[in-house]
Amino acid sequence: MGLADLFGRRRKSESEAADAASPDLPVYPTKALARFLTSLSSRQQPLLLDLGPVVGPNVTFFGEQLGCKILVEDLYKDIDRHVVEGKVDALPAFFAQRFAQESNSVDGILCWDVFDFLEKPAAVQLAQQLTRILRPEGALLGFFGTAEPVAGAKANYAKHIVIDQANLQHRLYPAARGKQRPVLNRDIQRMFEPLRVTEQFLLKSNIREVLFRKNAAPAVAAPSPNPVPTT
Amino acid sequence: MWKRDEAVKPASGQPATPAAPTAPQQQASAPVAPPQPESRRQQIERDVVNIGKSVVIKGELNGSEDLTIEGHVEGKIELKDHVLTIGPNGKIKAEVYAKAVIVLGEVHGNVLASEKVDIRDGGSVDGDIVSPRVAIAEGAHFRGSVDMQRKAGQPAPQQAQKPAQQGGQQPQPAAVAR
């Protein structure tokens, strides 16, 4: 089943119109989202992990139109809570326990720009956990800023609202603290090893869109005490 | 021209009643049933059952009519062919099965609806949703999973939380509308 088949399932409905993104917000182009969706299209009902806050139009887009099962785990809220409680140093340990999903269980992960709000230890731990739960041949999409944080600037998170596979809107809302120092490209690659970077785009908005893929599982699996038959 | 103006303007300073003389003619020409807003509203109010703020229910709640909950319910709620509304004061700790679920209050538990789940502004759901249509308003809280493919009432495929036992193989969903 190709991507065209998935998009062919679009339905015009009253809820779609009601859930439509706001026309007042600026639209930002995205190049990696379409590639990310293509990687999901090989699955019949892909399991998608969204690390941002729940967004109605996104649920409609991924769930109703693309047939994904969506898991919403708002990490921005977790970061905010730790900042407010003065427990930012505990974030790496928190992320180590955060995800109940078993290894190799998720087909796609939408990180949005969550890594921009983390210091390196927390970012590394989060990347390791996401790498663990991503299924072989699964895809992970992350946005990474390139601009240094400006002192005194208003701290905001952005809800990323999917307009279509090539356009997003950002709906800002207050954050407990702003973005941290940008992560270098080589550090991004190292954080997510053994995932491989398959696409990387630097947009005019100074955002790096990085698409990772997990290598396929080896053809011959190591013997295990409780072998599971595969089809 | 003159006749039309005379028809609109009030005569000799008296208040205008333009709709009154034409209304019976319209009713006579078009066989439209006369509206009965008051009786209709009373009928609807009779058909919707409310569980008030002070009510606490622990156990299983079944019904065959639309229900609005403003109180606390723990256990299981089953309104297979009807609409369940969790009011702004409602607090639910239960598995919910209904035709449509509208959430303005708090729900802790899984929600299965055969038609639609609607989480309104201020509404909160901590649990998994299975429904072909899901609407989540700006300002709503949700944590869990959304499955819009599986029919409500069918068993979940062993995928969401314990899929690693397949060793990289994805289980087939119970029902996929393609």
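Residues numbered from 1 in each chain as written. Chains lettered and ligands numbered in written order. Predicted model: local features only at pLDDT ≥ 70, side-chain atom pairs only at ≥ 80, totals over all residues. Heavy atoms only, no water.

## Things to note about the overall build of chain B
For step 1, the next point in the chain: Assigned secondary structure in chain B consists of 3 helices and 11 strands.
For step 2, the next point in the chain: Each helix (α) and strand (β) of chain B, taken in turn from the N terminus, gives the series α-α-α-β-β-β-β-β-β-β-β-β-β-β.
For step 3, the next point in the chain: Taken over 178 residues, chain B has a buried fraction of 35%.
For step 4, the next point in the chain: When contacts within chain B are restricted to residue pairs at least 6 apart in sequence, those whose partners lie at least 24 apart make up 4%.
For step 5, the next point in the chain: With the model as given, the accessible surface of chain B reaches about 10,600 Å², and the carbon-plus-sulfur share is 53%. (Helix = DSSP H or I, 4+ residues; strand = E, 2+ residues; numbered from the N terminus. Buried < 20%, exposed > 50% of the residue type's maximum accessible area, 1.4 Å probe, protein only. Contact = heavy atoms within 4.5 Å. Areas by Shrake-Rupley, 256 points an atom, 1.4 Å probe, with all protein chains shown as cover.)

## Remarks on the pairing of strand E8 (residues 196-202) of chain A
Residues and elements named next belong to chain A.
For step 1, the next point in the chain: Where E8 and strand E9 (residues 207-213) come together, 6 bridges link them in antiparallel fashion. Following the sheet pairing, Leu202 is matched in E9 by Arg208.
For step 2, the next point in the chain: Here E8 hands over to E9 after 4 residues, with Asn206 in that stretch at a positive phi of 65°. (Pairing = 2+ DSSP bridges.)

## Let's talk about the confidence of the model for chain B
All names here are of chain B.
For step 1, the next point in the chain: With 57% of its residues at a pLDDT of 70 or more, chain B has an overall mean of 72.
For step 2, the next point in the chain: Confidence over residues 1-33 falls short of pLDDT 50; this stretch has 3 contacts with residues more than four positions distant or in other chains.
For step 3, the next point in the chain: Contacts for the low-pLDDT stretch residues 157-178, under 50 throughout, to residues beyond four places or in other chains number 59 contacts.
For step 4, the next point in the chain: Reported confidence for the predicted complex is 0.78 by ipTM and 0.74 by pTM. (pLDDT = per-residue confidence, 0-100.)

## Observations regarding the nonpolar core
For step 1, the next point in the chain: Formed by 91 residues in total, the largest nonpolar core has its most connected members in Phe36, Phe62, Ile109, Phe115, Leu130 and Phe192 of chain A together with Ile77 of chain B.
For step 2, the next point in the chain: With residues near it in sequence (within four places) discarded, Phe115 of chain A still touches Ala123, Leu126, Ala127, Leu130, Phe144, Met191 and Phe192 of chain A. (Core = buried A, V, L, I, M, F, W, Y, C linked by side-chain atoms within 4.5 Å.)

## Quick word on the pattern of salt bridges
Charged atoms that come close allow side chains of opposite charge to pair.
For step 1, the next point in the chain: Throughout the structure, instances matching the rule amount to 19 salt bridges over all chains.
For step 2, the next point in the chain: Linking Arg35 of chain A and Glu199 of chain A is a salt bridge whose minimum nitrogen-to-oxygen distance equals 2.9 Å. Taken together, the residues Arg35 of chain A in helix H3 (residues 32-40) and Glu199 of chain A in strand E8 connect sequence positions 164 residues apart.
For step 3, the next point in the chain: Exposure remark for Glu199 of chain A: the relative accessible area of 23% places this residue in the partly exposed category.
For step 4, the next point in the chain: Salt-bridge contacts for Asp116 of chain A lead to Lys179 of chain A; the nearest nitrogen and oxygen are separated by 3.5 Å. Placement of Asp116 of chain A in the loop between strand E4 (106-112) and helix H7 (120-133) and of Lys179 of chain A in the loop between strand E7 (167-174) and helix H8 (185-191) is noted, with a sequence separation of 63 residues between them.
For step 5, the next point in the chain: In the salt-bridge network here, residues are joined through shared partners; they are Glu73, Asp78, Arg81 and Arg98 of chain A together with Arg143 of chain B. (Salt bridge = Lys/Arg side-chain N within 4 Å of Asp/Glu carboxyl O.)

## Description of the packing of helix H6 (residues 91-98) of chain A against H7 of chain A
All names here are of chain A.
For step 1, the next point in the chain: One way to put it is that H6 packs onto H7 with a least axis distance of 8 Å and a crossing angle of 10°. Here H6 lies roughly parallel to H7, going by the angle between them. On H7, the residues that touch Leu91, Pro92, Phe95 and Ala96 of H6 are Pro121, Ala122, Gln125, Leu126 and Gln129.
For step 2, the next point in the chain: Within the contact of H6 with H7, the residues separate by chemical class into 7 nonpolar, 2 polar and no charged. (Axes fitted to C-alpha atoms, helices over the stretch in contact; angles between N-to-C directions. Parallel < 35°, antiparallel > 145°, perpendicular 65-115°, else oblique. Nonpolar A, V, L, I, M, F, W, Y, C, P; charged D, E, K, R; others polar.)

## Regarding the environment of Ala94 of chain B
All names here are of chain B.
For step 1, the next point in the chain: By the secondary structure assignment, Ala94 is in strand E5 (residues 91-103).
For step 2, the next point in the chain: Looking at Ala94, the relative accessible area reads 4%, which means it is buried.
For step 3, the next point in the chain: Linking Ala94 and Gly59, residues 35 residues apart in sequence, is a C-alpha distance of 9.0 Å.

## Digging into the packing of helix H5 (residues 75-84) of chain A against H6 of chain A
Residues and elements named next belong to chain A.
For step 1, the next point in the chain: Look at H5 against H6: their axes get within 11 Å of each other, and the N-to-C directions meet at 145°. Handedness of the H5/H6 crossing: right-handed. Each of Leu75, Asp78, Ile79, Arg81 and His82 in H5 lies in contact with H6, whose residues at this interface are Leu91, Phe94, Phe95 and Arg98.
For step 2, the next point in the chain: Residues that form the contact of H5 with H6 fall into these classes: 5 nonpolar, 1 polar and 3 charged. (Left-handed = near helix turned anticlockwise from the far one by under 90°.)

## Remarks on the pairing of strand E6 (residues 156-164) of chain A
Residue and element names in this part refer to chain A.
For step 1, the next point in the chain: One ladder, built from 8 bridges, connects E6 with E7; its direction is antiparallel. Paired with Lys159 across the strands is Arg171, a residue of E7.
For step 2, the next point in the chain: Adjacent in sequence and paired antiparallel, E6 and E7 are bridged by 2 residues.

## Observations concerning the side chain of Gln125 of chain A
All names here are of chain A.
For step 1, the next point in the chain: Tracing the chain through its elements places Gln125 in helix H7.
For step 2, the next point in the chain: Gln125 gets classed as buried once you look at its relative accessible area, which sits at 18%.
For step 3, the next point in the chain: Once residues lying within four places of it in the same chain are set aside, the contact partners of Gln125 are Pro92, Phe95 and Ala96.

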